[in-house]
Amino acid sequence: MLIKRNKGWEIPESQATPEAVFLNRRTMLKGVGAIGGMIAAGAALPGAAFAGHKESDEVDPSAHLYPVAQNEIFKLDRPLTPEKFATHYNNYYEFGSQKEIYQLAQNLPIRPWTIQVDGLVEKEMTLDIDDLLARMPLEERLYRHRCVEAWSIAVPYSGFPLKALIDLVRPLGSAKYLVMQTFEKPEVARGQKQFWYPWPYTDGLTMAEATNDLAFIATGYYGKPIPRQNGAPLRLAVPWKYGFKHVKGIARMTFSEQRPVSFWEEIQAAEYGFWANVNPEVSHPRWSQASEKFYGPDGLKRVPTQLYNGYAEFVAGLYDGLEKEPLYM
Ligand SMILES: Nc1nc2c(c(=O)[nH]1)N[C@H]1C(S)=C(S)[C@@H](COP(=O)(O)O)O[C@H]1N2
Ligand SMILES: [Mo]
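Summarised in this report is the structure supplied together with it. (Residues numbered from 1 in each chain as written. Chains lettered and ligands numbered in written order. Predicted model: local features only at pLDDT ≥ 70, side-chain atom pairs only at ≥ 80, totals over all residues. Heavy atoms only, no water.)

Right, let's talk about the overall build of the chain for a bit. Regarding its fold elements, the chain presents 10 helices and 12 strands. Split into buried and exposed, the 329 residues of the chain put 55% on the buried side. A separation threshold of at least 6 residues defines the contact pool for the chain, and within that pool the share at least 24 residues apart is 74%. If you sum the accessible surface of the chain, you get close to 14200 Å²; carbon and sulfur atoms cover 55% of it. (Helix = DSSP H or I, 4+ residues; strand = E, 2+ residues; numbered from the N terminus. Buried < 20%, exposed > 50% of the residue type's maximum accessible area, 1.4 Å probe, protein only. Contact = heavy atoms within 4.5 Å. Areas by Shrake-Rupley, 256 points an atom, 1.4 Å probe, with all protein chains shown as cover.)

Listed below in structure tokens is the structure:
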């Protein structure tokens, strides 16, 4: 996984995103052809691929839900990553192993969308995304996101605490893990035709992790429904862990007594483990994790990596007594 060096990410974009900014942007979105505006604003982006990008024409039925009020508990120590970067530099192997998958991801149908809930629950069920959204307490959170490849971004997610969903579906006391899986649609996600990958994309959390305040289900991004390339209609956000734990396009949640083997663990267990907590002192077998390339409004900057990606106060206690586990890979 090579990281290309991009020039010219200096996109003029407001750093903070108070609701007013979102409101203005949304008003603008409705009024003038925002897509055209975005392409113009993105003229500085590495050319060809971006110029041809067109958002899906389909209207997202959840659009009216956003923006939502920000939860002030989760503060950033750095400016937000420009939206154009966060929505055009992605990892989503279902659509390819390169970073520029946003166009291909537009092929994914996101309505109707259901989430199968099974395993150790009082009653197995299938949730419809719009019914779920209507029942969940939506809020915005500014989170840092750290990829194991040592690049990072800071982004505004909207969505709800994973715990709220867990309370709704009522797992049994015997559940030890929550396993999340992505859709399987090789007809639109051509990466899934690559049989050597262990589809569907799978990852999981202990129940203690899943019910921690920081564990979040993101359904919105930058004050709008989350784009397909970022995991529409819902994806996990556990910011103290490396990005590969953040399952996108969730279609199934299984409560289990057994620890799941994740997608990346199955591919290369020596490099990608179950816990995957961010730690500057524990190197990836092929590179150091001591620092990261942060993409901010002024472009790319190397900054020190923080233990638990800076979220130790929220999550360090989850790992008391687990010191023998490989917590940081
Ligand atoms: N289904 C699925 N989810 C996924 C991935 C993937 O390939 N498939 N990649 C992960 C990785 S490695 C990262 S860093 C994040 C990237 O999220 P972003 O593109 O929204 O920044 O998504 C994660 N979720
Ligand atoms: Mo990642």
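Following the structure, the description resumes.
Below, the discussion takes up the site of ligand 1. The environment of ligand 1 is made up of 17 residues, and the closest members are Asn90, Tyr93, Glu94, His246 and Lys248. Here an oxygen atom of ligand 1 sits 3.1 Å away from a polar atom, N or O, in the side chain of Arg235. Protein coverage of the free-state accessible area of ligand 1, which is 530 Å², stands at 99%. Structurally, ligand 1 is housed in the largest cavity. Residues belonging to the shell around ligand 1 are distributed by class as follows: seven nonpolar, seven polar and three charged. (Near = heavy atom within 4 Å. Polar contact = N/O pair within 3.5 Å; in protein donor to acceptor, adjacent residues only side chain to side chain. 1 Å grid on protein atoms, 1.4 Å probe; cavity = no way out; pocket = protein on both sides within 12 Å on 5 of 7 lines; lining within 4 Å. Sits in = over half its atoms within 2 Å of the grid points. Nonpolar A, V, L, I, M, F, W, Y, C, P; charged D, E, K, R; others polar.)

Let us look at the packing of aromatic side chains. Under the definition given, this model contains 32 aromatic pairs. Their ring planes at 35° and their centres at 5.4 Å tell us that Phe74 and Phe314 sit as a pair that is tilted. Residue Phe74 is found in the loop between helix H3 (47-51) and helix H4 (83-86), and its partner Phe314 is found in helix H10 (residues 312-315); the two are separated by 240 residues along the sequence. You can call Phe314 partly exposed: its relative accessible area is 24%. (Phe/Tyr/Trp six-rings, centres within 6.5 Å; stacked < 30°, edge-to-face > 60°.)

You can see Gln181 is positioned in strand S5 (residues 177-182). There is a polar contact of 3.1 Å between the side chain of Gln181 and the side chain of Thr202. Beyond its immediate chain neighbours, meaning those up to four positions away, Gln181 contacts Pro200, Tyr201, Thr202, Val247, Gly249, Ile250, Ala251 and Arg252.

So, on to empty space enclosed by the protein. The gaps left among the atoms become clear once a water-sized probe is rolled over them. Applying the stated rule across the entire model yields three cavities of 30 Å³ or more. For the largest cavity, the calculated volume is near 350 Å³. Looking at the largest cavity, it is lined by 27 residues, and the ones nearest its centre are Asn91, Tyr92, Gly243, Phe244 and Lys248. Per-element accounting of the lining of the largest cavity gives the leading share, three residues, to strand S4 (residues 151-161). For the lining of the largest cavity, the per-class residue count stands at 16 nonpolar, seven polar and four charged. Of the voids in this model, the second largest cavity is the one considered here, and its volume is about 40 Å³. Lining the second largest cavity, in full, are Asp60, Ser62, Tyr66, Arg111, Leu133, Thr219, Pro225, Ile226, Ala232 and Pro233. Class assignment for the residues of the lining of the second largest cavity results in six nonpolar, two polar and two charged. (Points joined across faces, edges and corners; volume = space filled by probe spheres on them.)

Two strands pair when backbone bridges link them, and strand S1 (residues 114-119) and strand S2 (residues 125-128) are joined in this way by four bridges, in the antiparallel orientation. Paired with Val117 across the two strands is Met125, which belongs to S2. Where S1 folds back on S2, the antiparallel hairpin that results is connected by five residues. (Pairing = 2+ DSSP bridges.)

Spatially, S2-S1-S10-S5-S6 is the arrangement adopted by the five strands of the open sheet, whose pairing is mixed. Two strands bound the open sheet, and with one partner strand each, they are S2 and strand S6 (202-206). Within the sheet, the average angular offset between the axes of one strand and its neighbour, ignoring direction, is 20°. On top of the sheet, helix H7 (residues 162-169) reaches S1, S2, S5, S6 and strand S10 (250-256); it is set at about 65° to S10, its chief contact. (Axes fitted to C-alpha atoms, helices over the stretch in contact; angles between N-to-C directions.)

By the burial criterion, the buried members of H7 are Leu162, Ala164, Leu165, Ile166 and Val169. Looking one or two residues beyond H7, the residue adopting positive phi is Arg170, at roughly 50°.

Time to look at the nonpolar core. Counting 80 residues, the largest nonpolar core has Ile115, Leu162, Leu178, Trp240, Ile250, Met253 and Phe255 as its most contacted members. Sequence-distant contacts of Leu162, defined by excluding residues within four places in its chain, comprise Leu178, Leu205, Ala210, Ala215, Phe216, Ile217, Leu236 and Met253. (Core = buried A, V, L, I, M, F, W, Y, C linked by side-chain atoms within 4.5 Å.)

With that settled, consider the pattern of salt bridges. Throughout the structure, instances matching the rule amount to 16 salt bridges. Note that Asp77 is salt-bridged to Arg144, the shortest N-O span being 3.1 Å. Residue Asp77 is found in the loop between H3 and H4, and its partner Arg144 is found in strand S3 (residues 139-146); the two are separated by 67 residues along the sequence. In this structure, the salt-bridge partner of Glu325 is Arg259, at a minimum N-O distance of 3.2 Å. Taken together, the positions of Glu325 in the segment after H10 and Arg259 in the loop between S10 and helix H9 (263-267) put the pair 66 residues apart, joining distant regions of the chain. Note on Glu325: relative accessible area 27%, which makes it partly exposed. (Salt bridge = Lys/Arg side-chain N within 4 Å of Asp/Glu carboxyl O.)

This brings us to the environment of Leu80. Among the structural elements, Leu80 can be located in the loop between H3 and H4. Residue classification places Leu80 among the buried positions, given a relative accessible area of 6%. Sequence separation between Leu80 and Leu142 is 62 residues, and the spatial gap between their C-alpha atoms is 8.2 Å.

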